[in-house]
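# Topology and contacts: notes
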Amino acid sequence: MKYADDSLVLHTDFYELNMMYTYWQQGIAERNAVFEVYFRTLPFGSGFAVFAGLEHVVKYLQDLKFTDDDIAYLRETTPYPEAFLTYLKDMAFTCTVRSAVEGDLVFNNEPIMQVEGPLAQAQLVETAILNMLNYQTLVATKAARIRAVVGDDPLMEFGTRRAQETEAAIWGTRAAYIGGFNSTSNVRAGKLFGIPISGTHAHALVQAYRDDYQAFKAYAEVNHDVTFLVDTYDTLRSGVPAAIKVAREMGDRIDFQAVRIDSGDMAYISKRVRQQLDEAGFTDTKIVASNDLDENTIQSLKMQGAKIDVWGVGTKVITAYDHPALGAVYKLVSIEDETGAMVDTIKLSSNAEKVSTPSKKQVWRITRHSNGKSEGDYIARAEEEVAGLDELYMFHPSYPYINKTVRDFDARPVLRLIFDQGEQVYQLPNLSDIREFCLRSVDSLWDEYTRVLNPQEYPVDLSQTLWDNKMDLIKHVKTKVAKQQL
Ligand SMILES: Nc1ncnc2c1ncn2[C@@H]1O[C@H](COP(=O)(O)OP(=O)(O)OP(=O)(O)O)[C@@H](O)[C@H]1O
Ligand SMILES: O=P(O)(O)OC[C@H]1O[C@H](OP(=O)(O)OP(=O)(O)O)[C@H](O)[C@@H]1O
Ligand SMILES: O=C(O)c1cccnc1
């Protein structure tokens, strides 16, 4: 490689650099700008999403510096003048970042991260931030849906071999853990993040001995805690009987923890396996299932009364198989004008849902005192005071006749201060605390929003001030466009 891979600052789309160059040449690079991240549609038909990716974003922003090799590469490949390259080289990150915290629930059409600062810098970080948040939020959400159907059963993450390359496996398994998995098969993720590691064995072990009994025996002679994979040849006629035989022979020298099944009709087979194990006296030995599982197959297996105690899930969680992109966007909502005043900006669309909501905002999670359940999210202008109000009028932003007045509530700000003018003020929490927070957050939603199939739409409402401001700006832009046409 000609240049050292020594920073993530060029992990950006070229158009961000071209815009930065324009801002710089035109003298507006240092104007204050506010960008917000949001997505328009909840993935997987889910009623909620789990926010993840902040730790990676924080690490990226902490190190945001153009290195000598970055500059040398730009000098060779772009027409940028030396003075602009010097500007980049001297750039230090001075933005203020507010964000949802990992493990919190987030919903469509609300800001989940906000970057405020010099226009050029805030523009540069769009691509990497979206790259990290889109993927990790997607996987954490898929994981939480799977957790929602398994109840308290142990859930093992097996996805590395199917992940979209190495970094996706690492950050993906971390996101799956946040969403409620108990462990990962990826040993490096265990080392990096402290995620508990777990694992059984593969068909290769049985194939190496060309015999279930010989393989299990060999495995049991050198491992104390054993889970045998019983479906290599014939689960009921060979795999389980061989496992039982070895367990009897080894007695107390092993802990016969489980058998794993990885093919076939898992409802039928698991019931028969349970029967065989129970009849042999191994009533505490668990049954692990894997094979292209996700929340839909698991829910179906549960309904069929499958005797499965532990779930191994890989491909479908790590690749977010049935909804491969979250679609979060990064939009300019406010910018400093030539007089130094902040002015709100809007992006129009013929589709009402796609019209952006102008202004720098805060999201308030409204929760009833009496039962701790979330009533909805209330998006207000950043400076609006919501926490101290006695009652709150909440209305659907597209269908205002859907409304309610809430009393006796807590209002919690979802966006927290992470960087204050470039200085990190938020301490990254421990990963297991993030996971616990996620489980509690999902619990704070009514079941109507957490069910995996056709959940109710969680209310995400705009304050009256924000709504009026949006309508005014739409009118203003339309009038301006009409005048230009004349
Ligand atoms: N009783 C069941 N109800 C619903 N889905 C099931 C049931 N049993 C298995 N499945 C799922 O059906 C799919 C079966 O896939 P597939 O046909 O590839 O399995 P297989 O042929 O038995 O295994 P393999 O190809 O890995 O040897 C998997 O996603 C599995 O999780
Ligand atoms: O099915 P997933 O949810 O992705 O879980 C991971 C899969 O990886 C292993 O299979 P392997 O890669 O050996 O291939 P196989 O599917 O042919 O068994 C394991 O036996 C699981 O089936
Ligand atoms: O430990 C296991 O059983 C495992 C690990 C990775 C992929 N499939 C299964």
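Residues numbered from 1 in each chain as written. Chains lettered and ligands numbered in written order. Predicted model: local features only at pLDDT ≥ 70, side-chain atom pairs only at ≥ 80, totals over all residues. Heavy atoms only, no water.

- Per an unreviewed UniProt entry, the chain carries the name Nicotinate phosphoribosyltransferase and comes from Lacticaseibacillus suilingensis.
- Turning to the chain, the UniProt annotation filed under Catalytic activity (unreviewed entry) states: "5-phospho-alpha-D-ribose 1-diphosphate + nicotinate + ATP + H2O = nicotinate beta-D-ribonucleotide + ADP + phosphate + diphosphate". (UniProt positions renumbered as here; feature names shortened; annotations may be inferred.)

### Concerning the environment of E221
- Positionally, E221 belongs in helix α10 (residues 212–222).
- For E221, a relative accessible area of 53% corresponds to the exposed category.
- C-alpha separation for the pair E221 and L54, spaced 167 residues apart in sequence, amounts to 44 Å. (Helix = DSSP H or I, 4+ residues; strand = E, 2+ residues; numbered from the N terminus. Buried < 20%, exposed > 50% of the residue type's maximum accessible area, 1.4 Å probe, protein only.)

### Describing the side chain of T67
- With respect to the helices and strands, T67 occurs in the loop between α2 (54–62) and α3 (68–77).
- Owing to a relative accessible area of 16%, T67 belongs among the buried residues under this scheme.
- Setting aside its immediate chain neighbours within four residues, T67 contacts D6, S7 and K89. (Contact = heavy atoms within 4.5 Å.)

### Quick look at the site of ligand 1
- Looking at ligand 1, the residues that line it are D262, S263, G264, D265, M266, A267, N291, D292, L293, S300, L301 and Q304.
- In this structure, a nitrogen atom belonging to ligand 1 sits 2.8 Å away from a side-chain N or O atom of D265.
- Protein chains bury 55% of the 640 Å² of accessible surface belonging to ligand 1 in isolation.
- When residues of the shell around ligand 1 are traced back to their parent elements, those giving at least two are α12 (266–279) and α13 (295–303).
- Within the shell around ligand 1, the residues separate by chemical class into four nonpolar, five polar and three charged. (Near = heavy atom within 4 Å. Polar contact = N/O pair within 3.5 Å; in protein donor to acceptor, adjacent residues only side chain to side chain. Areas by Shrake-Rupley, 256 points an atom, 1.4 Å probe, with all protein chains shown as cover. Nonpolar A, V, L, I, M, F, W, Y, C, P; charged D, E, K, R; others polar.)

### Quick notes on the pairing of strand β11 (residues 310–313)
- In β11, alternate side chains face the same way, and those of V310 and G312 on one face and W311 and V313 on the other are all buried.
- Two elements, strand β6 (residues 155–157) and β11, share three bridges in a ladder whose sense is parallel. The residue of β11 that forms the bridge with L155 is W311.
- As paired elements, strand β10 (residues 286–289) and β11 share two bridges and run parallel to each other. Pairing of V288 across the sheet is with V310, part of β11.
- Crossover β10 to β11 through α13 is right-handed. (Pairing = 2+ DSSP bridges. Right-handed = clockwise from strand over helix to strand, strands pointing away.)

### Brief notes about the confidence of the model for the chain
- When pLDDT is averaged across the chain, the result is 97; 100% of the residues are at 70 or more.
- The ipTM value of the predicted complex is 0.96, and its pTM value is 0.97. (pLDDT = per-residue confidence, 0-100.)

### Section: helix α4 (residues 82–90)
- Among the residues of α4, those classed as buried are F84, L85, Y87 and L88. Projection of α4 onto a plane perpendicular to its axis shows the buried side chains occupying an angular sector of 155°, all on one side.
- Packing partners of the buried residues in α4 comprise α1 (14–25), α3 and α5 (119–124). (Arc of directions from axis to C-beta.)

### Brief notes about the packing of aromatic side chains
- Applying the stated criterion to the full structure yields 21 aromatic pairs.
- Ring geometry for Y3 against Y73: centres 5.5 Å apart, planes inclined by 80°, an arrangement best described as edge-to-face. Linking Y3 in the segment before α1 with Y73 in helix α3, this pair joins segments that are 70 residues apart in sequence.
- Here the aromatic rings of F228 and F256 are separated by 5.7 Å at their centres, their planes lie at 40°, and the arrangement is tilted. Taken together, the residues span a long stretch of sequence, with F228 in strand β8 (residues 225–229) and F256 in strand β9 (residues 255–261) at a distance of 28 residues. (Phe/Tyr/Trp six-rings, centres within 6.5 Å; stacked < 30°, edge-to-face > 60°.)

### Observations regarding the UniProt feature "domain: Nicotinate phosphoribosyltransferase C-terminal" (unreviewed entry) in the chain
- Mapped onto this numbering, the UniProt entry annotates "domain: Nicotinate phosphoribosyltransferase C-terminal" (unreviewed entry) at residues 360–469.
- For residues 360–469, the end-to-end C-alpha separation is 12 Å, with 21% helix and 37% strand making up the annotated structure.

### Let's talk about the UniProt feature "domain: Nicotinate/nicotinamide phosphoribosyltransferase" (unreviewed entry) in the chain
- Sites flagged by UniProt as "domain: Nicotinate/nicotinamide phosphoribosyltransferase" (unreviewed entry) map to residues 155–335.
- In this annotation, residues 155–335 is assigned 45% helix and 18% strand; the end-to-end C-alpha distance for the span is 46 Å.

### With respect to a nonpolar patch on the surface
- On the surface, Y399, Y401 and I402 cluster together into a nonpolar patch covering about 360 Å² of accessible area.
- Along the chain, I402 turns up in the loop between β16 (391–395) and β17 (403–407). (Patch = residues over 30% accessible without salt bridge, like charges linked within 9 Å, V, L, I, M, F, W, Y side chains within 5 Å. Salt bridge = Lys/Arg side-chain N within 4 Å of Asp/Glu carboxyl O.)

### A look at the pattern of salt bridges
- With the rule as written, the count across this model stands at 30 salt bridges.
- Residue E55 is joined to K59 by a salt bridge in which the shortest nitrogen-to-oxygen separation is 3.0 Å. Remark: K59 and E55 occur in helix α2; sequence separation between them is four residues, near one turn of the helix.
- The shortest N-O distance in the salt bridge between D234 and R237 comes to 3.3 Å.
- Residue classification places D234 among the partly exposed residues on the basis of a relative accessible area of 27%.
- When salt bridges that share partners are traced, they join D104, E110, R365, D377 and R412 into one network.

### Structural notes on the packing of helix α6 (residues 126–150) against helix α7 (residues 166–178)
- Direction vectors running N to C along α6 and α7 enclose 45°, while the axes themselves pass 7 Å from each other. Here α6 is positioned oblique relative to α7, judged by the angle of their axes. Of the two elements, α6 crosses α7, and the hand of that crossing is right-handed. Along its contact with α6, which presents Y135, Q136, V139, A140 and A143, the element α7 presents A168, W171, G172, R174, A175 and A176.
- Looking at the contact of α6 with α7, its residues break down into eight nonpolar, two polar and one charged. (Axes fitted to C-alpha atoms, helices over the stretch in contact; angles between N-to-C directions. Parallel < 35°, antiparallel > 145°, perpendicular 65-115°, else oblique. Left-handed = near helix turned anticlockwise from the far one by under 90°.)

### A short note on the sheet that holds strand β7 (residues 183–184)
- Taken together, the six strands give an open sheet; going across it, the order is β7-β6-β11-β10-β9-β8, and neighbouring strands pair in parallel fashion. Strand pairing shows two members of the sheet lacking a second neighbour, β7 and β8, which therefore form its edges.
- Direction of pairing for β9 relative to β10: parallel, over a ladder of four bridges. Bridge pairing in β10 places V259 opposite I287.

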